[in-house]
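Fold and contact review
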Amino acid sequence: MLSDFHLHSHFSGDCQVPIEDMIQSAINKRVNRLCLTDHHDLDFPHPTINFELDLESYDAFFKEAKEVYKDKIELLMGIELGMQPHLHKTLSEIVSKYPFDFVIASNHLSHGIDVYDKIYFQERSQYKGYLDYFEDMLENVKGYTDYDVYGHLDYVIRYGDFPNKKLAYNDFKDLLDEILRQIIKSGKGIEVNTSGYKYGLDSPHPSREIIQHYKDLGGEIITLGSDAHMPGNICSNFDSAKNLLKEIGFKYVCTFVNRSPDFHPL
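Computed from a predicted structure; not experimentally measured.

About the cut-offs
Residues numbered from 1 in each chain as written. Predicted model: local features only at pLDDT ≥ 70, side-chain atom pairs only at ≥ 80, totals over all residues. Heavy atoms only, no water. Salt bridge = Lys/Arg side-chain N within 4 Å of Asp/Glu carboxyl O. Helix = DSSP H or I, 4+ residues; strand = E, 2+ residues; numbered from the N terminus. Core = buried A, V, L, I, M, F, W, Y, C linked by side-chain atoms within 4.5 Å. Buried < 20%, exposed > 50% of the residue type's maximum accessible area, 1.4 Å probe, protein only. Contact = heavy atoms within 4.5 Å. Phe/Tyr/Trp six-rings, centres within 6.5 Å; stacked < 30°, edge-to-face > 60°. Expected span 1.5 Å × (residues − 1). Right-handed = clockwise from strand over helix to strand, strands pointing away. Pairing = 2+ DSSP bridges.

Where charged atoms of side chains with opposite charge meet at close range, the side chains can pair. This structure, assessed with the given rule, holds 14 salt bridges. Across the pair R33 and D262 runs a salt bridge whose closest N-O atoms are separated by 3.1 Å. In this pair, R33 sits in strand β2 (residues 33–40) while D262 sits in strand β11 (residues 260–265), placing the two residues 229 residues apart along the sequence. Shared partners join several salt bridges into a network, and the residues in it are E123, R124, K128 and D132.

Once that is clear, we can look at the nonpolar core. Ranked by internal contacts, the top residues of the largest apolar core, which has 88 residues, are I23 and I179. Counting residues per element, this core draws most heavily on helix α5 (residues 126–143), which supplies 7 residues. I179 has contacts with F134, M137, L138, V141 and L153, leaving out every residue within four places of it along the chain.

Here we come to the packing of aromatic side chains. Considering all chains together, one arrives at 21 aromatic pairs under this definition. Their ring planes at 50° and their centres at 4.5 Å tell us that F44 and F51 sit as a pair that is tilted. Across the pair, exposure class does not vary: F44 and F51 are buried alike. With a centroid separation of 6.4 Å and 20° between ring planes, the pair formed by Y214 and F250 is classed as stacked.

What follows is about α5. Given a rise of 1.5 Å per residue, 18 residues ought to cover 26 Å, and the 26 Å separating the end C-alpha atoms of α5 matches this to within 8%. Buried residues belonging to α5 abut α3 (88–97), β5 (109–110), α4 (118–122), β7 (149–150) and α6 (173–185).

This next bit is on the pairing of strand β8 (residues 189–193). Here β8 lies mainly inside the structure; 5 of its 5 residues are buried. Across the two faces of β8 the burial is the same, with G189, E191 and N193 and I190 and V192 all buried. Regarding the hand of the β-α-β motif, the stretch spanning β7, α6 and β8 is right-handed. In this structure, β8 lies alongside strand β9 (residues 222–225), joined through 4 bridges in parallel fashion. Each residue of the ladder has a partner; that of N193, found in β9, is G225.

In this section: the environment of K89. Its location among the elements puts K89 in helix α3. Considered as a pair, K89 and T48 are 41 residues apart in the sequence and their alpha carbons are 26 Å apart.

Another aspect to go through is unusual backbone geometry. Omega for the peptide link from H205 to P206 comes to -5°, which places this bond in the cis form. One can find P206 in the loop between α7 (195–198) and α8 (208–216). Of note in the backbone geometry, R30 takes a positive phi value of approximately 65° without being a glycine. Under the relative-accessibility criterion, R30 is labelled exposed at 71%. Phi is positive for C235, close to 60°, though the residue is something other than glycine.

Okay, here's the thing in structure tokens:
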């Protein structure tokens, strides 16, 4: 089965592509199962972009679209939640209100600052920037469980003007191991987000080391997502990601329907 479980459309504040164009591109690529996961980031400190999803319109679209496209593609309704500790209760209420098939939890902020914003690393060393980010993530995985997979775990390494952006696992081993153990203990999974290749990191998000430790600690639930914001990026670099998972020892990847994992052989 060819599936993509992380992509965006005009419903996301950072994407202008009509959702119908994303779906049609997936149909053209013979994708069997497609899950749109548009952004819902409350209290996001961006001066011009609104990252709050129009949930009512989003839900109404999917109620109709699943029927319209049923003979061409299995279309699923997902969401990417921007995690902040003070939002846990509000996000749980949202998840319980709408019929999502799949929920990604993601950290885009650390200490209320967008890690994409240059100010984040102007005020922090590379080590401190990574440390603060993962400490926030640990607080989130301890306090919030209304999700299915945690998205692009090492997202923070995309940013910062450093000669070497790669994360040395041993520098954060205790913290990362605790994050992964908490995810596994909660019955959740992680995603392999292939946008890392697009950003020149020579790996998906998260890195091979993090994926390896996730498996070594007993993690089994893992999804594939392109994080596409353009039709041409749907399912991009999936062959590389699948080969990496096989090398690490995974035999299955997951998709989700009605918040339930479905395991597919690699």
